[in-house]
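Results of the structural survey
The residues making up each chain are set out below.
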Amino acid sequence: MIYPSDFENKIGFKAIRERLNELCISEMGKEFVDKMSFSTDVDKIRTYLRLIQDFETLLQDGVPFPVRDYNDLRDEFKHLAIDGTVINLDSLFALKPTLSALFYVFKFFKSEASDKVPYLKALAEGIFIDNHIFTEINRLIDDKGEIPDNASAELAEIRRDIRRKQSSIDHRMHKILVEAKNSGWTDSTAEMTIRDGRPVIPVRAADKRALRGFIHDESATGQTVYIEPAEIFETNNEIKELEYAERREINKILLAFTKILRPEIPNLIMAWRLLGLLDFIRAKALLSQEYECVIPELIDEPMFDWIEARHPLLEQKLKGQGKRITPLDLKLGAAHDNEIPRSARNDSGVTNRILVISGPNAGGKSVCLKTIGLIQYMLQCGLAIPVKIDSKCGVYHDMFIDIGDEQSLENDLSTYSSHLINMKELLEHGNERSLFLIDEFGTGTEPQLGGAIAEAILLKMNEKKSFGVVTTHYANLKLLADNHPGIVNGAMLFDTRYLQPLYVMMIGKPGSSFAFEIAKKIGFPKEILDSAAEISGREHLDFDQQLQQLEIEKKEVRKKEYELKVADKLLDEVVTKYKSQLADIEKNRKNLLKEASKEAQEIIDRANSKIEKTIREIREAQAEKVRTKELREELKEMKNNLANEEKNLSKQLKSEEKEEIANTDLKVGDMVCINELEVVGELLAITDTDVTIQFGDVRLRTTADKLRKISRSQARKAQQNPSYLRKSIMNDINEKAQHFNLTLDVRGQRGDEAVDNVAKYIDEATLLSIKEVSILHGKGNGILRKLIREYLSKQQCVQSFNDASLETGGAGITRITLK
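The notes below deal with the structure included here.

Rules of the game
Residue positions are given per chain, counted from 1 along the sequence in the order it is written. With the structure being a predicted model, the display of local features is reserved for residues of pLDDT at least 70 and the display and counting of side-chain atom pairs for 80 or more, all residues being used for whole-chain, interface and lining totals. Side-chain measures here rest on the full set of heavy atoms in the structure, leaving out hydrogens and waters. Whether two strands pair comes down to DSSP finding at least two bridges between them. Strands are runs of DSSP state E lasting at least 2 residues, helices are runs of H or I lasting at least 4, and numbering of each runs from the N terminus. To obtain an axis, a line is fitted to C-alpha atoms, over the contacting stretch when the element is a helix, and the angle between two such axes runs from 0 to 180 degrees between their N-to-C directions. By the convention used here, residues are in contact when the closest approach between their heavy atoms is within 4.5 Å. Every case where a carboxyl oxygen of Asp or Glu lies within 4 Å of a side-chain nitrogen of Lys or Arg is listed as a salt bridge. Type-normalised accessible area, obtained with a 1.4 Å probe on protein chains alone, sets the label of each residue: buried when under 20%, exposed when over 50%, and partly exposed for intermediate values. The labels follow the angle: roughly parallel below 35 degrees, roughly antiparallel above 145, roughly perpendicular from 65 to 115, and oblique for the rest. As a working rule, the residues Ala, Val, Leu, Ile, Met, Phe, Trp, Tyr, Cys and Pro are called nonpolar, Asp, Glu, Lys and Arg charged, and the rest polar, with Gly in that last group. A patch is a set of surface residues, each over 30% in relative accessible area and not in a salt bridge, joined within 9 Å for like charges and within 5 Å for the nonpolar side chains Val, Leu, Ile, Met, Phe, Trp and Tyr. To measure how exposed things are, a 1.4 Å probe is used in the Shrake-Rupley method; for residues, cover is taken only from the protein chains shown. Counting rule for charge: Lys and Arg are taken as positive, Asp and Glu as negative, and neither His nor the chain ends is counted. Every charge is mapped onto a representative atom, which is NZ of Lys, CZ of Arg, CG of Asp or CD of Glu. For this analysis, a nonpolar core means a set of buried residues of the types Ala, Val, Leu, Ile, Met, Phe, Trp, Tyr and Cys, connected via side-chain atoms within 4.5 Å.

Read from one edge of the open sheet, four strands run 2-3-5-4, paired in antiparallel fashion. Looking at strand neighbours, the two that pair on one side only are strand 2 (193–195) and strand 4 (213–218), the edges of this open sheet. Averaged over all adjacent pairs, the angle separating strand axes in this sheet is 50°, with direction ignored. Sheet topology note: the strand 4/strand 5 (residues 224–229) ladder contains five bridges and is antiparallel. Paired with aspartate 217 across the strands is tyrosine 226, a residue of strand 5. Its contacts with the sheet put helix 10 (residues 233–261) on strand 3 (198–204), strand 4 and strand 5, and the angle it makes with strand 3 is roughly 150°.

Rendered as structure tokens:
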């Protein structure tokens, strides 16, 4: 049951239906749009959604699927089903391109490519049209909508005779016209013309008897008459007879084709229905892309588990104004696998079914209500919906809405009376599979009595286990959640510092109407506000303000946490970069030392060989023995010195290796140093993959091989000179800023690759305090654009994003404004 009768107008679905009509290319498709209705059959809804998914696959893959020339000939088919009727030339001309489109549709569904769209392929099963019809219609009519000469041998002969006789007439008429001009019967600029389908010559009225023939017309002034020369009269009559014969032959051809067509009319009607259905599904797929919708998980029970739901019409309007919509998260009821979301339970563990939304006027309460109604109705009409892909959606059997002023002079109803009639329908027909949406519940009469009636209705619907969302300012309705399991509060947040609504709903706590703050913002007299505050009680106002301000500050803390996470990530990159560079330097240093040691030994060996040779030569020359001994001692001393240096170098290398091995004995509480960066801190945690250290107010995650254990005295000394780290980090940040490009080009990249690159790009832009950047993704089928915008929509650091101007790239570039 859908109540009231103008339900679609109230939630805005009429505009969705109108947009679908605009996206259809045929009358058959538009009829499907008009017949689209609310369904409670889960299997049908799943099939509708999977058909959309299949067509989106065709659009994304760029498959050349025929989507044009879907001409509506169903009335003509019904007419041709009667014996003796003949298809007319206009219908034949309209039939040809549509049959051609149908031929390619069948051809696609027979190809392997159609295996990727099984639900679409199933639509064409059982529909068959004789190929002879495709062949015949291509033979019988050309692209200009005319029957060609080769349609039959008789028609070809008739047209040859017509052209031959026409050529003869043209030749004779030209000769007569020249004679008339030479004789002065007609102007020198006169030309042959046509009157009543016959060729004539314009002749001056005074000379009309000079030219023998038949007068067919005269000018408005009567000074010129139009004469058909007598000598071509008979030939013209023969042409006329041939034209009659041509028409009879064409009618004969059309009659023969109609006889071929008539047995196939039942199949043709089915095929035309298929074209209309494909047009309808295509329109739904295009609408899904336009509103950035998804196919969510569907569950056959009443529940909501929506993530970032968006009102599609409002979002399109705000985009046109360069603004961004605030998404809605909603959790009510249990999931199909019996896992109940925490936010969908109350303190007693009972599933929440009724959401009471309170908050300031113009804060988004009614928009939330309409968003829920529109998206749920779209889903059960078989449309994709604007939520995140991880959302889960339930199915309801009834939907009720009470929104707006229903005052009726014709029926003698006041606004409140009309509300009560709506509530009466709800109480009579509501059940555990019903969803009711009520705006400004209880208003329209004396507040205390209206609030009491509203409370009684809400308790009764909770007893029936119905699902519902209501908006209110009444305190007694806000208090129901504390004492009645199944009911939960929701608050629309308001920024008390800037006196403006945030359009964000927080489930679990009631909201304030902020009447005083809004009145103050619009310049209401201060003395009136002070007096009202005394009447209502200052403590009540202070409590509301503190409660809302606490929520706002929590949001700001989350934002700061995100910024610190980005900074921590960059710092980790900087440390990793320098550690890698230093490790390479250290490796090169050791290699150089080993090579130097080897070269030194080679030098010693060569020197020793040379000296021994010299001694041998001295001995052979019978030099003094004392001098020879002295030379030997000097050589020995030189060799020992070089050997000692080599030993010391080996000890130093072994000592460094032992120090590296000792780092594996790190434990929580040790003072450590990041190698060669002069960054020291305390080791806070150790895991299998990384360690956490703290220096100053910064915590840093890194790996154990990047650390060196030091004493606390060394740590104190190093902490007194932290300038090296700050300088290194600032140099790296300055280098990033110098090479940062304000436009990121992701054209040609895969979806996941492009999103990863955009994520890194946004992180760098945030750290460098850059406010505006652009992503160049191209137009194509819009897949990259959709994926990137889905990612951007859930980033807290992104303030807004939209298409570039037409001159600078339009829809092929996304402009991003960062907070």
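Picking up after the structure, the text goes on.
A few words now on the pattern of salt bridges. This model, assessed by the stated rule, comprises 37 salt bridges. Across the pair glutamate 246 and arginine 159 runs a salt bridge whose closest N-O atoms are separated by 2.7 Å. Here arginine 159 lies in helix 9 (residues 153–183) and glutamate 246 lies in helix 10, a separation of 87 residues in the sequence. In this structure, glutamate 308 engages lysine 388 in a salt bridge whose closest nitrogen and oxygen atoms are separated by 3.8 Å. You can see glutamate 308 sitting in strand 7 (residues 304–309) and its partner lysine 388 sitting in the loop between helix 13 (365–380) and strand 10 (392–393), a full 80 residues away along the chain. The pair formed by glutamate 308 and lysine 388 is uniform in burial state, with each residue classed as buried.

This part covers the packing of helix 6 (residues 89–109) against helix 11 (residues 265–290). Packing of helix 6 against helix 11 brings their axes to within 11 Å, and their N-to-C directions diverge by 75°. The angle between helix 6 and helix 11 falls in the class roughly perpendicular. On helix 11, the residues touching Leu95, Thr98, Leu99, Leu102, Val105, Phe106 and Phe109 of helix 6 are Leu268, Ala271, Trp272, Leu274, Leu275 and Leu278. In terms of residue class, the contact of helix 6 with helix 11 is built from 12 nonpolar, one polar and no charged.

A few words on unusual backbone geometry. Along the chain, tyrosine 3 connects to proline 4 via a cis peptide bond; the corresponding omega equals 0°. Following the sequence through the fold, proline 4 ends up in the loop between strand 1 (2–3) and helix 1 (7–11). For glutamate 308, which is not a glycine, the phi torsion comes out positive at approximately 55°. Even without being glycine, glutamate 440 reaches a positive phi, approximately 50°. Looking at where glutamate 440 falls in the secondary structure, it is placed in the loop between strand 12 (434–438) and helix 15 (447–463). Assessed through its relative accessible area of 23%, glutamate 440 is described here as partly exposed.

Right, let's talk about a negative patch on the surface for a bit. On the surface, a cluster of negative charge is contributed by Glu595, Glu599, Glu602 and Asp605. One can find glutamate 599 in helix 20 (residues 538–620). Under the relative-accessibility criterion, glutamate 599 is labelled partly exposed at 48%.

Here we come to the sheet that holds strand 8 (residues 328–332). The mixed open sheet is built from four strands, whose spatial order is 6-10-7-8. Here the strands that pair on one side only, and so sit at the sheet edges, are strand 6 (297–298) and strand 8. Bridge count between strand 7 and strand 8: four bridges; the pairing is antiparallel. Residue phenylalanine 304 lies in a different strand from strand 8, and its bridge partner there is leucine 332.

In terms of nonpolar packing, the biggest core is built from 105 residues, with Phe13, Phe65, Leu95, Leu99, Leu120, Phe257 and Trp272 touching the most fellow members. Top element by residues in this core is helix 11. It accounts for 13 residues. Ignoring sequence-local partners within four residues, the contact set of phenylalanine 13 consists of Glu8, Met36, Leu374, Tyr377, Met378, Cys381 and Leu383. If you look at the next biggest cluster of nonpolar residues, it comprises 24 residues, including Ile762, Ala765, Tyr791 and Ile816.

Honestly, it's all geometry; don't read function into it.
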